[in-house]
Structure formats: structure tokens, C-alpha cells
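Coordinate analysis (summary)
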Amino acid sequence: MRCVIARYPFDLTKMGVLETMKGIKPELITGESVTIGRRRYPVKQVGQVITRQDPRDFNSGEVIRAMTRLGFTCHGLPEVVPAHVLTPLENASALLGSGAPQDVPETV
């Protein structure tokens, strides 16, 4: 299949991409990714390996389009669980050093 990545035409095949990525260790995934074989690679790493270009020369959309057309599974941004945001009362309580209400002994 012919595709354009970073303004340069490439003839890519699914088997060619599989062979090229064989033995390449996946980097840490922080953005979009693509599953090649049994491994999941960052899109920019795949683009860099198959085109031999600097990852700053192309965007991830170009690589995702090409990989999708070749039949690889592409994944969006990893889901991030939102952190618990403190309410103003919880924040003030934490700043004062009293994380939870303390049992106060009764005076008789």
C-alpha cells in the first residue's frame, strides 16, 4: 500500500511492518499506540522505525491512518483515572494537620 508520511511516499505492507518491528522493544506508551503482533508500540516509535525519519517530522495521525489501512489495531490516548480533588474544606483541614476529626474526650 502506498502512503505519505512526512511528505514522503512509502510502499508499506503488513508483512513488511511486522518484519521491521520484529525484535524492537516497545517504549513507554504515553499517547496513541498501535498493536503489531502481540506487542503494543507508541505510534511515533512505529513511524520512526518504518520510515527511518525523526519523529518530529511527522504527526501521529499520518502513522495511524497508514497502520489502520494495513489492518493493525490502533488505540487512542490511554485512559487516566481522575485524581481526587480536595474540596476547600478538606484542603484547609489537611493544611492545619487534622486529616480527620479526632475523638475529643468529654469533660464532666
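Residues numbered from 1 in each chain as written. Predicted model: local features only at pLDDT ≥ 70, side-chain atom pairs only at ≥ 80, totals over all residues. Heavy atoms only, no water.

Quick look at the environment of Val34 now. Relative to the assigned elements, Val34 resides in strand E3 (residues 33-36). Spatially, the C-alpha atoms of Val34 and Thr73 are 5.7 Å apart, while their sequence positions differ by 39 residues. Non-local contacts of Val34, meaning those with residues more than four positions away in its chain, are made with Arg39, Arg40, Tyr41, Val43, Val46, Met67, Phe72, Thr73, Cys74 and His75. (Helix = DSSP H or I, 4+ residues; strand = E, 2+ residues; numbered from the N terminus. Contact = heavy atoms within 4.5 Å.)

Another point: the side chain of Ser33. Within the secondary structure layout, Ser33 lies in strand E3. At 2.8 Å, the side chain of Ser33 and the side chain of Arg40 are in polar contact. Non-local contacts of Ser33, meaning those with residues more than four positions away in its chain, are made with Arg40, Tyr41, Pro42, Val43, Thr73, Cys74, His75 and Gly76. (Polar contact = N/O pair within 3.5 Å; in protein donor to acceptor, adjacent residues only side chain to side chain.)

Let's shift gears to the sheet that holds strand E5 (residues 73-75). Strand order in the open sheet made by the three strands is E4-E3-E5, with antiparallel pairing throughout. This sheet does not close on itself; its edge strands, each paired only once, are strand E4 (39-42) and E5. Averaged over all neighbouring strand pairs, the angle between strand axes comes to 30°, with direction disregarded. Sheet topology places E3 next to E5; three bridges connect them, and they run antiparallel. (Pairing = 2+ DSSP bridges. Axes fitted to C-alpha atoms, helices over the stretch in contact; angles between N-to-C directions.)

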